[in-house]
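# Residue-level structure breakdown
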Amino acid sequence: MSFFSMAQADTVQNHIDTTKAKTKEIDFGNVKVIVKDKKKHTVTKDSTHNSESDEWLYTDKKTYPKVNFEPTFGIGISGITEEFTNYGQNSTSVVPTSTASLTLDLAQSRNYVINGNFLIDFTKNIGLLTGFGFEFNRFVFEENMQITPKGGYFVTDTTTAFSSYKFKTNYVQIPLMLKFQTNDESFKVAVGGAFSYNIGSKVKAAFAVPDAEVETIVKGNFNVAPVKLSLGLRIAYKGIGLYANYALTPMNDKEIMHTDGRINITPFSVGITLGGL
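Residues numbered from 1 in each chain as written. Predicted model: local features only at pLDDT ≥ 70, side-chain atom pairs only at ≥ 80, totals over all residues. Heavy atoms only, no water.

A few words on unusual backbone geometry. Between tyrosine 64 and proline 65 the backbone carries a cis peptide bond, its omega angle lying at 0°. In this structure, proline 65 sits in the loop between strand E6 (55-60) and strand E7 (66-85). The backbone of phenylalanine 222 sits at a positive phi, close to 55°, despite the residue not being glycine. Along the chain, phenylalanine 222 falls in the loop between strand E14 (212-219) and strand E15 (227-237). Despite not being glycine, lysine 238 shows a phi value in the positive range, around 50°. Structurally, lysine 238 can be placed in the loop between E15 and strand E16 (240-247). (Helix = DSSP H or I, 4+ residues; strand = E, 2+ residues; numbered from the N terminus.)

Here the structure, examined in full by the defined rule, presents six aromatic pairs. Seen in terms of ring centroids, phenylalanine 69 and phenylalanine 118 are 5.1 Å apart; in terms of plane orientation they differ by 55°. Their pairing is tilted. Of this pair, phenylalanine 69 sits in strand E7 while phenylalanine 118 is found in strand E8 (residues 110-121), placing the two residues 49 residues apart along the sequence. For the cation-ring pair, lysine 228 lies above tyrosine 171, with the distance from its terminal atom to the ring centre recorded as 4.3 Å. (Phe/Tyr/Trp six-rings, centres within 6.5 Å; stacked < 30°, edge-to-face > 60°. Lys NZ or Arg CZ within 6 Å of the ring centre and 35° of its normal.)

See below:
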């Protein structure tokens with residue numbers, strides 16, 4: 001709580017920085033006592049309009065730009081799109097290295113994000129979103145296959161029946177998005193892009209052998225490009241939000257030489273966030 005008092009009757013306007021609250025104000029003529037909360041505003045005594053009853057004018061006082069930190073967590077679905085190119089006249093000299101279908105089991109493919117957002121407000125309604133974060137993707141394919149750790153070849157496996165086969169890619173990312181919000185900041189929208197750097201890829205597999213269940217973790221490059229550029233959209237209402245991301249660059253570093261042709265795969269993700277944008 002804070003108390004501010006001051007007024008001069010013989011001046012046109014006196015500005016006093018105080019706090020805005022829905023509490024009583026006691027006017028002793030030239031002196032007004034105000035009990036307020038901690039939301040800053042300006043009190044102005046204006047004696048130009050009414051000499052008998054002075055008017056006290058209140059105006060919110062906020063300084064911009066304003067910076068806030070907002071940690072959020074998101075969970076959603078990881079997916080990919082495929083871009084095919086025919087081998088053309090050189091098809092006879094090309095030896096495909098990938099044979100398996102790249103169709104995902106979307107019910108098991110997951111995307112997890114941890115965001116440390118810096119929200120920079122230029123005005124009450126417009127600002128920027130930047131910061132840092134981590135993205136973890138889990139891809140589960142419908143076909144029984146193996147992915148080679150060095151070349152990233154997708155090979156159909158007819159000898160080992162995997163009970164679980166998860167291909168995981170991990171990134172650190174820096175977003176840069178234009179942010180819009182309502183006056184009370186309950187509803188927010190951010191649109192822009194993100195720069196992501198791959199910090200590791202691996203396969204976690206499980207399969208059965210006589211009298212045992214074997215789990216393995218294989219780490220490698222898996223032909224994953226080190227850098228990913230993507231577009232993103234985030235929407236939040238009172239701490240609960242939605243997000244969607246689509247990469248502008250392929251996930252694979254080199255073209256996948258598939259039996260169906262040259263393939264580039266592009267990742268995308270959609271999900272919900274807790275904590276804000």
